Amino acid sequence: MSFKPKTLRRQILLGVLVPVFLILAVGLLFESYDHREHLTDSMNRRADLLARLAATAMSQPLSEFDIPRVEEALQQLAHTGQVGIAQVTWPNGEDITTIIAPDYVPNADDVVNTHTITLVRNGHAEVLGYLHLTLPIETITDQLMEATLRHALISAIVFVLVTGSAIFALSRISKPLTTIGRAIVDLRNGRLDTRIPHQHRTDEIGMLAQALEQMRRSEIEMEDLRAQSTETDRRERKRIHRALKSTRDGVILTDETGNVVFSNANAGIFFADAREGERLNFRSWLPEEVAEQIEERVAAGQDFAAEACVTHFNSGEELNLLVRGGPIRDEDGLYLGTLLLATDHSDQARQAARVKYLAEHDSLTGLANRRLLEQTLADWLDTGAQVSLLLADLDHFKTINDTLGHPTGDALLKVVADKFQASSSSTNALAARLGGDEFAIVVKGADSEDRLTNIANSLVYDLSKPLTVSGNVLHTGMSAGIATLAGHDARAADGIRCADLALYEAKNSGRGRVEIFHRDLETAIKRKALLERELRAALKEDGIRPVFQVQTCLKTGEIVGFETLARWHHRHLGSISPGEFIPVAEECGLIRELTYQIMTHAFRAAARWHDLGFKGRVAVNLSPKLFGSQVDEFVNDCLYETGCPASAVEAEITETVVLSSGQSALREIEALQRLGITVALDDFGMGYSSLSYLQKFPVNKIKVDAAFVSKLPESDETKAIVVAIAELGHALGMSVTGEGAETEEHRTLLQECNVDYLQGYFDGPPLAERAATARLFPGAGLHLQISG
């Protein structure tokens, strides 16, 4: 059994004395060894001296072969008490004589010395023999023993002194620590009235005693506080217990072995066979997959949360539970068990499902909305499948909505939605309403394009027939565009853009038809993207310049005004038609900036001409995209910036403004007129139901579309239409301008139709500002200060 010191004092004492003892013992051994080496070395030197003297003394007798004298000399050496064996041999090693001391005992450590016996004759040394002396080691044993004992005595005295000093020093430390240790034991056992000794000391023991005293007082205070809070804690535990019992959540606590130690009333409903004292079995009431997931988390000591549908233990009702929980640990992180909570959020789940449905479906028709359509399209494309997308909108829907009211418009949308839903009832197909009168269908599969084309043609045919809705017979129609995508790299946004471009092409081609996206349309997309990029750069560099087309009076031939036209000459693409870049500006949000540049140039020219005495007006075109965003304030700001009077300006709008913006456009037109700007209705006669809008929108001028003017020489019907337009305009107090007049015949026919003004190449091509100024003020151009 090993010895283990039980007290700190003994441990320190042993820790000090054992090294001291080992040091002294090693020192003693070293000293003994060193003394032995010293004595041995001294004996070797003595043996050598004796052998040299004896060899010198024996040289003469040996040379004379006087063996008795040699033996006598050896006997004298042996009787000195220092030599154990004395031997003389001939040079060939043959023994001459050997003398052994009577009390000699051989020892392996004896010192042996051999010396040559020589005689010098005639200057030459002659070897006569050899003298061998053996000195017994015992001659130094007594000296060695005496030295060793002396050193051992000194070491013992040192060890005793060190031991006494250590015991004394430890007594000064261990006794106070022992008394303080007893005080600590008393405090641990609750005896807080124990006196803490040695507080008066100024060393570390005193600091320890003072700290212990402070702890004792703190513990007394804490004991008082605990005594005061016992009742409060009891009530708090009772409240927590009642709260856990009465909560609507199911609550279960298990111990570290997994046995249930607490469960409230709802736990029995939610957790089926979970009872106190029994092991909690997740698989008895949770779906296999969810139970396995939670068991893994519990085994790993991690928090968990999962949703699960379970059956109500009593009513059998399906419940949607949120099950969550995690490990319970003490302050040291020791696992004590698991807390399990189950919340019945069946109502919330139903509400969430309802909210999700509303977020993904159109509230009017019940079809999927844009969000669900885009998500479905993206999900199907992610699978790598071929997907086809149809985009469609109704023809003349706004007119129906405005004339017959929103209820009728909504009823029509529901009828159309039913047709779309019926057409997409097969698998891998989804119908959607994107907003307004825009509908869509997405179909997945290798034959998706053929299926969708058949669906689209069927819908176009059905909607081309009159529909009876809310007692009204409605004539509408549908145009559709189809795009097909496939592969993991395809993007939903690209499909929507391609289908939208195909729809645009279908509407431009006469409406009531289906257009499938093809490469030419893709080229158009790239062309449109290029134009958008270059248009942005051109607007930054002021690269869009105005030209002015003359408007003359048909009676007098005088210039009565100009229409401002935008011109863009690109350094690489050449001249780009306004019919191409203005729609791009409208679609990408640049139309306001474009209009600002053209309008400020035109207004500055109009202001200069007005200052020079020109009484006519300069017309600027206002895009329908500008209406609905306080276009009157926009125009007024440009007038203020350029210093142009409103009386020198005319605003041209198309009936698209009237059709798309309704009453809001009326308010903005009236605001422009209140500024002093006249308003002209451009391209009149080519739109839908233009005549009915003349009474609603009090414009100042009608501009007969160039399509009518070009047909005047060859069509009496066209001439009758132009005559009717002119008479109607005059009856409403409006002046009438004929656009696109190129020949003398056009001018003459317009006069016969009672049109007031003429505009077209008959009066020359559109002019730059310098040329227009020269046309207005012939002969005065050299001294006029005009901008290029």
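All values reported here derive from a predicted model rather than from experimental measurement.

(A) Region of interest: the environment of Arg 567. As for its placement among the helices and strands, Arg 567 is situated in strand β18 (residues 559-570). A residue is classified by how much of its surface remains accessible, and Arg 567, at 32% relative accessible area, is partly exposed. Those residues within four positions of Arg 567 in sequence are excluded, and the remaining contacts are Gly 543, Ile 544, Arg 545, Val 547, Pro 578 and Pro 766.

(B) Just the sheet that holds strand β1 (residues 85-89), in detail. Strand order in the open sheet formed by 4 strands is β2-β1-β4-β3, and the pairing between neighbours is antiparallel. Edge positions in the open sheet fall to β2 (95-100) and β3 (111-121), since each of these has one partner strand only. Averaged over all pairs of adjacent strands, the angle between their axes in this sheet comes to 15 degrees, without regard to strand direction. Of the strand pairs in this sheet, β3 and strand β4 (residues 124-135) are connected by 11 bridges, and their pairing is antiparallel. Bridge assignment links Asn 113 to a residue of β4, and that residue is Leu 133. Here helix α2 (residues 67-78) sits on the sheet and contacts β1, β2 and β4; the angle it forms with β2, its principal contact strand, is near 30 degrees.

(C) Structural context of the pairing of β2. Of the strand pairs in this sheet, β1 and β2 are connected by 5 bridges, and their pairing is antiparallel. What sits directly across from Ile 85, in β2, is Ile 100. Between the antiparallel neighbours β1 and β2 lie 5 residues, among them Gly 93 with a positive phi of about 95 degrees.

(D) Highlighting unusual backbone geometry. A positive phi angle, near 60 degrees, is found at Asn 428, a position not held by glycine. If you trace the backbone, Asn 428 turns up in the loop between α10 (406-423) and β11 (429-435). For Asn 428, a relative accessible area of 37% translates into the label partly exposed. Phi is positive for Asn 754, close to 70 degrees, though the residue is something other than glycine.

About the thresholds
- Residues numbered from 1 in each chain as written.
- Predicted model: local features only at pLDDT ≥ 70, side-chain atom pairs only at ≥ 80, totals over all residues.
- Heavy atoms only, no water.
- Helix = DSSP H or I, 4+ residues; strand = E, 2+ residues; numbered from the N terminus.
- Buried < 20%, exposed > 50% of the residue type's maximum accessible area, 1.4 Å probe, protein only.
- Contact = heavy atoms within 4.5 Å.
- Pairing = 2+ DSSP bridges.
- Axes fitted to C-alpha atoms, helices over the stretch in contact; angles between N-to-C directions.

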